[in-house]
Amino acid sequence: MTTSAGRTPDLGVSVTGIPLKNPVIAASGTFGYGVEFEDVVNLSKLGGLVVKGLSREPMIGNPPPRLWETSAGMLNAIGLQNIGAQAFLEQKLPRLRQIKNINVIANIFGYNREDYERTIEILNDGEGIAAFELNVSCPNTAHGGLQFGSDPRSLDEVVSTAKRVAQRPLIVKLSPNVTSIAQMAYVAQEAGADALSLINTFVAMAIDPETRKPRIANVTAGLSGPAIKPIAVRMVYDAAHAVRIPVIGMGGISSAADVIEFMLAGASAVQIGTASYWDPCATEKIVDELQQWCVDHELTKISDIIGGMLLE
Ligand SMILES: Cc1cc2nc3c(=O)[nH]c(=O)nc-3n(C[C@H](O)[C@H](O)[C@H](O)COP(=O)(O)O)c2cc1C
């Protein structure tokens, strides 16, 4: 696939010094630990993959029902079920390391500062982990259950703690459940984030009018998928204009044109989440589509379009 000048488009981008062969990364919680997708997706074709959120101890998650399809979106309340950081190093990472040329990003969460600290300490030993992604959309139990990512002080505290312990570049994944995403982006940067990723899911809910019961056992859940895309693009735009560090955009991406849209808003790379639920091959397909998109639009270097939205 070449442009009319006979050039193969260069899809390479760089996020906080990590070279990615293309901007497409599988999002946390929608791609297992990567290895589960090995038979359906050529993992080495992706820019990277983010594994399921990891905690210091294994977690069983919430009771079912935990998923509900909405108009152009999905509600989930999985409850951050995972095998724990140590088991990830022992049972999943060795296989991932055998797959050459793949950037593995470990997503981390906790319910207090010590949880984050301890989980990062465990994962520091994980050879082959390219970066840590800090999920701050969790209730801070030490501060009355308010989400870390919704309170600037808690965000500052958790990011500076993580930065002190982390021996990998630190990507802070922002919650969209805030009044000013620009403020939270700036706070994360000043606390030591090397890059930002956004957005996580919106707090939402659905009720069955027949039974009058909530569709999700947890009552509230996270909304993702195409339904949130325009809000995600706006938030990426606002965040990218508030910071100097790279921004990874996500929220409802399901095509190459969506990837371009996020990059024009200021994203250096993107993540694909819910799209993998309705098509497990979505990530790889979007990489192929992106190559074709660049050929069709005579774009020789995809990184040239980052932040390139035209106002007139
Ligand atoms: C079923 C499910 C599980 C998720 N689990 C995590 C998680 O463990 N950690 C995290 O940071 N984000 C998690 N997310 C959020 C996604 O990574 C992503 O930020 C969000 O879904 C928006 O992107 P999308 O619209 O492409 O799915 C999860 C999303 C879904 C749908």
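Residues numbered from 1 in each chain as written. Predicted model: local features only at pLDDT ≥ 70, side-chain atom pairs only at ≥ 80, totals over all residues. Heavy atoms only, no water.

1. Describing the site of the ligand
Step number 1: Lining the immediate surroundings of the ligand are 24 residues, of which Ser28, Lys173, Gly225, Gly252 and Thr274 lie closest.
Step number 2: Here Asn135 contributes a side-chain N or O atom positioned 3.3 Å from an oxygen atom of the ligand.
Step number 3: One nitrogen or oxygen atom from the main chain of Ile199 is found 3.0 Å from an oxygen atom belonging to the ligand.
Step number 4: For the ligand, whose free accessible area comes to 610 Å², the fraction covered by protein is 96%.
Step number 5: For the shell around the ligand, the class distribution of residues is eight nonpolar, 15 polar and one charged. (Near = heavy atom within 4 Å. Polar contact = N/O pair within 3.5 Å; in protein donor to acceptor, adjacent residues only side chain to side chain. Areas by Shrake-Rupley, 256 points an atom, 1.4 Å probe, with all protein chains shown as cover. Nonpolar A, V, L, I, M, F, W, Y, C, P; charged D, E, K, R; others polar.)

2. Some remarks on a nonpolar patch on the surface
Step number 1: Residues Met205, Ile207 and Val219 make up a contiguous nonpolar surface patch of about 260 Å² in total accessible area.
Step number 2: Tracing the backbone shows Ile207 in the loop between strand 13 (202–204) and strand 14 (221–224). (Patch = residues over 30% accessible without salt bridge, like charges linked within 9 Å, V, L, I, M, F, W, Y side chains within 5 Å. Salt bridge = Lys/Arg side-chain N within 4 Å of Asp/Glu carboxyl O. Helix = DSSP H or I, 4+ residues; strand = E, 2+ residues; numbered from the N terminus.)

3. Quick look at the pairing of strand 5 (residues 67–70)
Step number 1: Alignment of strand 5 against strand 6 (residues 73–76), held across four bridges, turns out to be antiparallel. Along strand 6, the bridge assignment pairs Trp68 with Leu75.
Step number 2: The antiparallel pairing of strand 5 with strand 6 creates a hairpin that spans two residues between the two strands, and Ala72 there sits at a positive phi of about 55°. (Pairing = 2+ DSSP bridges.)

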